[in-house]
Amino acid sequence: MHLVKYIFLAVLAVLLIVVALANSALVTLRVLPEAMAGFLGWSWQLTLPMFAVILGAIVIGLLIGFVWEFLREHKHRAAARSERREKDALKRENEQLRRGDRGTRRNDDVLALLEDGSVPR
């Protein structure tokens, strides 16, 4: 299995290198169009190789997707946490009943009669 993983990573690395070599031309990224930037008096721009723009867009898209899914699944995690707490509480109560820790149940005369099997006088 490790061999398959290393082969996959090697193929991925080769593909990324090929994409980087094929898209090495510089591109300029601007926040605003040139006409609007001239009107407002400021122009923020960045010049990067095209492969950096492509890979950056992929990484940003993945991060947005991961965060979106994390937030979307919050209700499922909260429900699972609540059910786990309830299960643990029921398990503790079951263990107490099996051990014989009846505590307050000894104060109930009817239950005491049924448990002891004795007849009151």
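Calculation rules
Numbers given to residues run from 1 along each chain, matching the order in which its sequence is written. Local features in a predicted model are, by the rule used here, given only for residues with pLDDT of at least 70; side-chain atom pairs are given and counted only at 80 or more, and totals for whole chains, interfaces and linings are based on all residues. Where side-chain values are given, they derive from all heavy atoms of the structure, hydrogens and water being excluded. Helix and strand definitions here come from DSSP, where helices need a minimum of 4 consecutive H or I residues and strands a minimum of 2 consecutive E residues; each element is numbered from the N-terminal end. Between buried and exposed lies partly exposed: a residue is buried under 20% and exposed over 50% of the maximum accessible area for its type, with that area taken using a 1.4 Å probe on protein chains only. A contact between two residues is defined here by any heavy atoms of the two lying within 4.5 Å. Each accessible area value is a Shrake-Rupley result obtained with a 1.4 Å probe; residue values ignore everything except the protein chains displayed when judging cover. Here a salt bridge means any side-chain nitrogen of Lys or Arg lying within 4 Å of a carboxyl oxygen belonging to Asp or Glu.

Before we go on, may I ask you to explain the overall build of the protein in this structure?
For the protein, the count of helices and strands is five helices and two strands. Going residue by residue from the N terminus, the α and β elements of the protein occur as α-β-α-β-α-α-α. The burial tally for the protein puts 3% of its 121 residues in the buried class. A separation of at least 24 residues holds for 30% of the contacts in the protein among residues at least 6 apart in sequence. Summed over its atoms, the accessible surface of the protein is roughly 10900 Å², and 66% of this surface lies on carbon and sulfur atoms.

What is the right way to read the pattern of salt bridges from this model?
It is possible for side chains bearing opposite charge to pair when their charged atoms get close. Evaluated as defined, the whole model comprises three salt bridges. The residue Glu34 makes a salt bridge to Arg30 at a minimum N-O spacing of 3.4 Å. Ionic pairing is found between Lys87 and Asp88, a salt bridge with its closest N-O pair at 4.0 Å. The exposure class of Asp88 is partly exposed, given its relative accessible area of 31%.

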